[in-house]
Amino acid sequence: MKSITIGLDIAKNVFQLYGVDASGKRVLSARLRRDKVEKYFAALPPCVVAMEACGSAHHWARTIGAPGHETRLVPAAYVKPFVKRNKTDARDAEAICEAALRPSMRFVAVKSVEQQSARALQRARDLLVRQRTQLGNCLRGLLAEMGVVAAQGAAGLAELALLVEDGKDPRVPASLYATLATLARQWSALEQEARALEKRIVASARADEKMRLLMTIPGVGPLTAQAVIAAIGDGRQFRTARDFAAWVGLTPRQYASGEKSRSGRISRAGDSGLRRLLTLGASAHLRQARAKPERMGPWLSGVLARRPTRVAVVAQAAKTARIIFAMLTSGESFRARPATA
């Protein structure tokens with residue numbers, strides 16, 4: 001059984017298995033109900049079990065790996081080329097097994113329960129912030145139709161919420177106040193909940209040694225540091241800093257044929273939330289550096305002299321990702337280069 005590789009196609013209720021031996025001969029093909037999967041693999045001798053990196057895959061990787069099996073998570077995009085003609089559960093399981101046997105295949109690191117809990121905190125805050133923005137825009141738009149406007153940002157929306165709560169502005173019809181009050185209450189509730197989650201993220205970042213280390217990097221705050229650790233842990237699954245930057249989606253696509261090669265736009269692969277945080281942090285760092293040029297490093301100064309501002313922001317975000325990887329793998333503190341004269 002040590003030489004057997006099993007491809008497991010995950011589903012809601014029925015799971016498909018396909019196994020081959022060391023010679024590539026099929027030795028297993030079966031279907032299991034969800035409640036039978038754990039018992040089935042607990043009774044098997046240790047073997048290699050491969051799955052697509054999809055919803056609930058990390059849970060099943062931990063569960064199946066507990067009895068001693070070696071679990072491998074294959075990116076779904078790398079499995080698709082191995083699917084033969086029509087798509088069925090059996091073909092998917094066979095394709096997963098075939099992809100896992102490739103010597104050059106790249107696998108997804110299995111996340112711990114703590115990592116997934118931390119990512120859930122990030123995802124929940126992002127959802128609340130999006131909903132808060134939608135409600136705020138709706139409230140602003142309805143009041144703007146009546147000639148009522150306020151300053152940008154949360155302060156302006158808080159001012160509008162107080163105006164709606166007071167209900168005495170003659171510019172707003174009485175029949176509209178009930179609708180506006182509903183939106184204002186929802187916006188205020190989401191504002192409080194989003195801030196509460198943000199405080200939890202900041203508290204966890206300040207309590208973790210690795211996150212405190214990352215927060216010494218310019219442009220990296222508690223939200224970014226917590227998101228990085230939740231996404232990649234110690235970062236050992238990446239061979240180089242460029243691999244991590246490419247996974248985040250901050251490296252350009254390459255188009256090469258013969259002796260001609262050119263770089264395209266950034267790939268936007270990987271974790272979009274982490275890429276957004278790194279880009280926002282780089283933008284803030286760039287804004288501070290422009291306000292105080294004497295503190296600007298020689299590398300950033302050279303990029304700004306050659307490239308547009310937005311290109312410089314992405315370049316700074318990619319450099320920040322590489323610095324994060326280097327600090328996680330080495331454990332060293334951030335060392336800034338001397339500023340330009």
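Because the structure is predicted, anything quoted here is derived from the model rather than measured.

Enquirer: Quick rundown of unusual backbone geometry? Include the residues and the values.
Expert: The phi dihedral of Ser56 is positive, around 70°, even though this residue is not glycine. Along the chain, the position of Ser56 falls in the loop between β4 (48–52) and α2 (57–65).

Enquirer: Report on the sheet that holds strand β3 (residues 26–33), specifying residues and quantitative values.
Expert: Spatially, five strands are ordered β3-β2-β1-β4-β5 in an open sheet, and the strand pairing comes out mixed. This sheet does not close on itself; its edge strands, each paired only once, are β3 and β5 (70–74). Sheet twist, expressed as the average angle between the axes of neighbouring strands with direction ignored, equals 20°. Sheet topology note: the strand β2 (residues 14–20)/β3 ladder contains seven bridges and is antiparallel. Across the sheet, Gly19 pairs through a bridge with Leu28, a residue of β3. Across the sheet, helix α4 (residues 89–100) is in contact with β1 (5–9), β2, β3, β4 and β5; its angle to β1 comes to roughly 135°.

Enquirer: Which residues make up the pairing of strand β7 (residues 260–266), and what are the values?
Expert: Burial of β7 is sparse: only zero of the seven residues sit out of reach of the surface. For strand β6 (residues 252–257) and β7, the ladder comprises five bridges, and the chain directions are antiparallel. Counted as the bridge partner of Gln254 is Ser263 from β7. In sequence, β6 turns back onto β7 through a hairpin of two residues, with Gly258 there showing a positive phi of about 65°.

Enquirer: Can you lay out the packing of helix α5 (residues 113–144) against helix α6 (residues 153–166) for me, pointing to particular residues and giving the numbers?
Expert: Between α5 and α6, the shortest axis-to-axis distance is 11 Å and the interhelical angle comes to 60°. Put simply, α5 runs oblique to α6. Note that α5 runs across α6; the crossing there is left-handed. On α6, the residues that touch Gly136, Leu139, Arg140 and Leu143 of α5 are Gly153, Gly156, Leu157, Leu160 and Val164.

What counts, and at which threshold
- Residues numbered from 1 in each chain as written.
- Predicted model: local features only at pLDDT ≥ 70, side-chain atom pairs only at ≥ 80, totals over all residues.
- Heavy atoms only, no water.
- Helix = DSSP H or I, 4+ residues; strand = E, 2+ residues; numbered from the N terminus.
- Pairing = 2+ DSSP bridges.
- Axes fitted to C-alpha atoms, helices over the stretch in contact; angles between N-to-C directions.
- Contact = heavy atoms within 4.5 Å.
- Buried < 20%, exposed > 50% of the residue type's maximum accessible area, 1.4 Å probe, protein only.
- Parallel < 35°, antiparallel > 145°, perpendicular 65-115°, else oblique.
- Left-handed = near helix turned anticlockwise from the far one by under 90°.

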